[in-house]
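Geometric and topological summary
Below are the chains, spelled out letter by letter.
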Amino acid sequence: MPSIDKSSSKETINNLRKQYMELLDYGNAHPNELSDNVAKLRNLVLLHGLPPETSEEVENRMKGNVWCGMRGMVWKVLLNIKTVDNEKYVALVQKGEPNKEVYQQIRKDVPRTFMSDHEFATCVPQEKLSRTLSAFAHYCSESTSRLSNIQYVQGMNTLMAPFLYILPEVDAFYAFGSFILEHCYLYVVPNIQGDKPASNNQPGLVVDGQAPAVSSKEKLEKGVKLVLLGEMDSGKT
């Protein structure tokens, strides 16, 4: 089967969707074979991409229903999100704003996140994005793991946004945390140079201890959006 693109037939898309659902159902029924199933799922993503969302999935999201479509289920499996702690997330949200410096940066970045995309703004209000990023800042500050080395930096808003677009809020929070910790940790650890002038002594997105070029940061952000939202979702890539 070739990679899915805008010219793919409905039958091709439905067949690919069926393959994904079979893998997801098999993984749920056979947890002892999780590693093999995840490898097959990852291979399917790499070879064929993710099919576009169904009209039902789009409608549910636009209505604000707390519901996880196939794309979200795939990414929860790939990011090893087996359970989420609703009570923990609520407790983090109830802490309110993080420290003044962090919250000011969050409030500066949030309105600039996909601001020209009406559908995104409808599905992910600024309040939700701000709330989730603030909770993550608290989550990191209270952690005793590697997360304790992380604090909010510019660019996290555009990494969190796609998760909130395809997943319920609590699921998105934990998926984002797994993505940051397991897959791009060095992009967000504090560094004296970061993506701001060294004289500012501020953290920023870093790679292997060095501040990346703007193109590297943009490439990461675009990559996340491409894979999570899909090349066939108009205006999201």
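Just so we're clear, the structure is a prediction, and the values are computed from it rather than from any experiment.

A few words now on the packing of aromatic side chains. This model, assessed by the stated rule, comprises 11 aromatic pairs. Note on Tyr-89 and Phe-173: the rings are 4.9 Å apart at their centroids and 55° apart in plane angle, and the pair reads as tilted. Pair noted here: Tyr-89 is in helix H5 (residues 86–94) and Phe-173 is in helix H10 (residues 169–183), with a separation of 84 residues, a long-range link. Here Tyr-89 and Phe-173 have matching classes, each one buried. On the basis of an interplanar angle of 50° and a centroid distance of 6.4 Å, the ring pair of Phe-136 and Tyr-139 is categorised as tilted. Of this pair, Phe-136 and Tyr-139 both sit in helix H8 (residues 126–142), three residues apart, which is roughly one turn of that helix. Phe-136 gets classed as buried once you look at its relative accessible area, which sits at 3%. Note on Tyr-139: relative accessible area 22%, which makes it partly exposed.

Its location among the elements puts His-138 in helix H8. What makes His-138 buried here is its relative accessible area of 11%. At 2.9 Å, the side chain of His-138 forms a polar contact with the backbone oxygen of Gly-96. Residue contacts for His-138: discarding those within four places in its chain leaves Leu-92, Lys-95, Gly-96, Glu-97 and Pro-98.

Cut-offs used in this document
Residues numbered from 1 in each chain as written. Predicted model: local features only at pLDDT ≥ 70, side-chain atom pairs only at ≥ 80, totals over all residues. Heavy atoms only, no water. Phe/Tyr/Trp six-rings, centres within 6.5 Å; stacked < 30°, edge-to-face > 60°. Helix = DSSP H or I, 4+ residues; strand = E, 2+ residues; numbered from the N terminus. Buried < 20%, exposed > 50% of the residue type's maximum accessible area, 1.4 Å probe, protein only. Polar contact = N/O pair within 3.5 Å; in protein donor to acceptor, adjacent residues only side chain to side chain. Contact = heavy atoms within 4.5 Å.

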